[in-house]
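Structure at a glance
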Amino acid sequence: MSIMSVPLPRSARALRLELKRNAVPYVLPLLAAVFYFNTLRTADGFPPVWTLRASVIGDHMLFEFSAFAGGLAAWAGSREGRRKTLDLVATTPRAVWARLSVALAGTLCWLLLAFGAGVAVLYIQTALQATWGGPPLWPVFVGAAGVTAVTVIGFTAGVFFPGRFTAPLVAIVVLVLDQAGLHAALGVTGPPGTYGLLSPASSPPIVDTGVYNHVAPDLSVVQVMFMGGIAVALFGVLGLALGLRPLASARGLRSLPAAFARGDGWLLRAVTVALIACGVAASWTAFALAGTARLDAAGGWEIPALHSAASDQPVPVTQSCTSSSGFQVCVHQAFSFYTGDVA
């Protein structure tokens, strides 16, 4: 028997159908154009220093991906309610949570794949120009957590509030929240508060950030914890969709076949409650930790409960030197493209 003839599990077949018929691939050309004109061209205007180039992931890339992720996920989540198929799918011998999870996974896979491709293009371009250092990973983790959280938020909104206007409303709300987070992070009206610290958006760092001193990952860890907790809690809420969705009780969907009742039994309810509790606890812990953040000597944010002394050690300096008229001019290897101008 060939490998291609081996039947896939039912969940894998359902996921393959979701990936094939998902709406995300149809808007990828538009997302790629926005990424090129906004993120990539902005990064190209910065010096080829890794930390500075990577800052566009939270400042620009996540902003545009969030709008698409929230709207497309809401469109996918509202599919059953928008097409009036709740009565039809309620008779299938599969739990509501399992059905919704497959639809969410299909949308999230496409969005994370597109996000990863964008990060790869950005980092490859930087690698061809940078003269020192390597790609920082924490901005990528924060960006992926942001895309995941917005996708789950949009999908949950689509499930509980199905309608034609849900997707554009979610996209608009996400953009407003992102701008509010950027406004708070910039400290326009004062020092950045807790919400500003939890927001991935911020102003670009100075050019030598991460060159002479390590960038502490404390704030990035808290941001991933906060957004991950939101995603986990809302994913647990999806498991209660049958009981919480107003249309379900209005149409009498509680009188379902025994097979369906087994799919939405007490064990699944217990798992959903546990996920909600864990997600809320993670987000609340991250919120509390962000409230203890303080500026460090390098201009970053230090959180005492997460801070490691290794982050305070200076980075060994590697110089790039040139001789001109009997004088030797040296700069850090990260700025070797400035050596001629300095000389």
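Data block above holds the structure.
Because the structure is predicted, anything quoted here is derived from the model rather than measured.

Another aspect to go through is the side chain of Glu18. Relative to the helices and strands, Glu18 resides in helix H1 (residues 10–21). Here Glu18 falls in the buried class, since its relative accessible area comes to 15%. The contact partners of Glu18, leaving out residues within four places of it in the chain, are Arg79, Val102, Ala103 and Gly106.

Right, let's talk about helix H8 (residues 138–160) for a bit. Because each turn of an α-helix spans 3.6 residues, side chains separated by three or four positions end up pointing in the same direction. With 23 residues, H8 extends 33 Å between its outermost C-alpha atoms, agreeing within 8% with the 33 Å of an ideal straight helix rising 1.5 Å per residue. Across the 23 residues that make up H8, a large majority, 17, are buried.

Taken together, Phe165, Leu169, Ile172 and Val176 make up a surface patch of nonpolar side chains, about 440 Å² in accessible area. Judged by its relative accessible area of 64%, Phe165 falls in the exposed class.

The next point concerns the environment of Thr126. Here Thr126 lies in helix H7 (residues 96–129). Considered as a pair, Thr126 and Ala54 are 72 residues apart in the sequence and their alpha carbons are 9.1 Å apart. Within the structure, the side chain of Thr126 is placed 3.4 Å from the side chain of Arg53, a separation counted as a polar contact.

Definitions and limits used
- Residues numbered from 1 in each chain as written.
- Predicted model: local features only at pLDDT ≥ 70, side-chain atom pairs only at ≥ 80, totals over all residues.
- Heavy atoms only, no water.
- Helix = DSSP H or I, 4+ residues; strand = E, 2+ residues; numbered from the N terminus.
- Buried < 20%, exposed > 50% of the residue type's maximum accessible area, 1.4 Å probe, protein only.
- Contact = heavy atoms within 4.5 Å.
- Expected span 1.5 Å × (residues − 1).
- Patch = residues over 30% accessible without salt bridge, like charges linked within 9 Å, V, L, I, M, F, W, Y side chains within 5 Å.
- Areas by Shrake-Rupley, 256 points an atom, 1.4 Å probe, with all protein chains shown as cover.
- Salt bridge = Lys/Arg side-chain N within 4 Å of Asp/Glu carboxyl O.
- Polar contact = N/O pair within 3.5 Å; in protein donor to acceptor, adjacent residues only side chain to side chain.

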